[in-house]
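Below, each chain spelled out in residue letters.
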Amino acid sequence: MTPGHLNGGANLEPQSSESPYTIDVNATTYEQGKPIEVTVKGAGYKGILMQARKKDSDDVTPVGTWTNPPNNTQLVECDAPDDALTHANDANKDEESVYTWIPPDDIAGIVEIIATVAETHDIYWVKIPSSEISPVEDGSGAEMGASPSMLLMVAVFIGYLISNRK
């Protein structure tokens, strides 16, 4: 998520200081297909790249999709259609820009939103995380999304094992 920004032919390095931007989410849990609002807060900025990813995973594949990007931003494809968003131009973005993330159809585990925010072409911060977003549980300890038929099969199998114990 590091942009290839150049200055005089040399790569510009991201800022090492703490980011003045925060990535806030309006929920601590997610359900399949239920939108989550993601707000980028801080001084106006010119560029952004944002994805949802599995937390604490080496897998950098984005999860879920984005929808209805605000002015001056657009949806892009990293691994699947609309799985990331970025700036559409270098116009200043609002100090509190709100984006909409749609969780995936299959449970992805704990997720966080990751953003690279460019204050200007030369000044940017990478991999700014949101707080974590966990899948909703159904009360049985199983994450929502386990199909009823799968749960029924497990229950029948356990019943079979119990009835055949000697």
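Values in this document were obtained by computation on a predicted structure and should not be read as measured data.

Cut-offs used in this document
Residues numbered from 1 in each chain as written. Predicted model: local features only at pLDDT ≥ 70, side-chain atom pairs only at ≥ 80, totals over all residues. Heavy atoms only, no water. Core = buried A, V, L, I, M, F, W, Y, C linked by side-chain atoms within 4.5 Å. Buried < 20%, exposed > 50% of the residue type's maximum accessible area, 1.4 Å probe, protein only. Helix = DSSP H or I, 4+ residues; strand = E, 2+ residues; numbered from the N terminus. Phe/Tyr/Trp six-rings, centres within 6.5 Å; stacked < 30°, edge-to-face > 60°. pLDDT = per-residue confidence, 0-100. Contact = heavy atoms within 4.5 Å.

1. Quick notes on the nonpolar core
Okay, step 1: Formed by 24 residues in total, the largest nonpolar core has its most connected members in V38, M50, W101 and I113.
Okay, step 2: For this core, the elements supplying multiple residues, two or more each, are β3 (22-25), β5 (36-41), β6 (47-54), β10 (96-102), β11 (111-118) and β12 (124-129).
Okay, step 3: Here this core gets 4 residues from one element, more than from any other, and that element is β11.

2. Here we look at the packing of aromatic side chains
Okay, step 1: The full count for this structure, using the stated rule, is 3 aromatic pairs.
Okay, step 2: Taken together, a centroid distance of 5.8 Å and an interplanar angle of 65 degrees make the contact between Y21 and W125 edge-to-face. Here the residue Y21 occupies a position in the loop between β2 (10-11) and β3, and W125 occupies one in strand β12, the gap between them amounting to 104 residues. This pair shows no difference in class: Y21 is buried, exactly as W125 is.
Okay, step 3: Their ring planes at 75 degrees and their centres at 5.8 Å tell us that Y30 and W101 sit as a pair that is edge-to-face. A residue pair is termed long-range when its members are at least 10 positions apart, and Y30 in strand β4 (residues 29-30) and W101 in strand β10 qualify at 71 residues.

3. Focus: the confidence of the model for the protein chain
Okay, step 1: Confidence along the protein chain averages 85 in pLDDT terms, with 80% of residues attaining 70 or more.
Okay, step 2: The lowest-confidence element of the protein chain is strand β1 (residues 6-7), averaging 62 in pLDDT; the highest-confidence one is β3, averaging 97.
Okay, step 3: Scored below 50 in pLDDT, residues 140-144 makes 11 contacts in the model with residues more than four places away or belonging to other chains.

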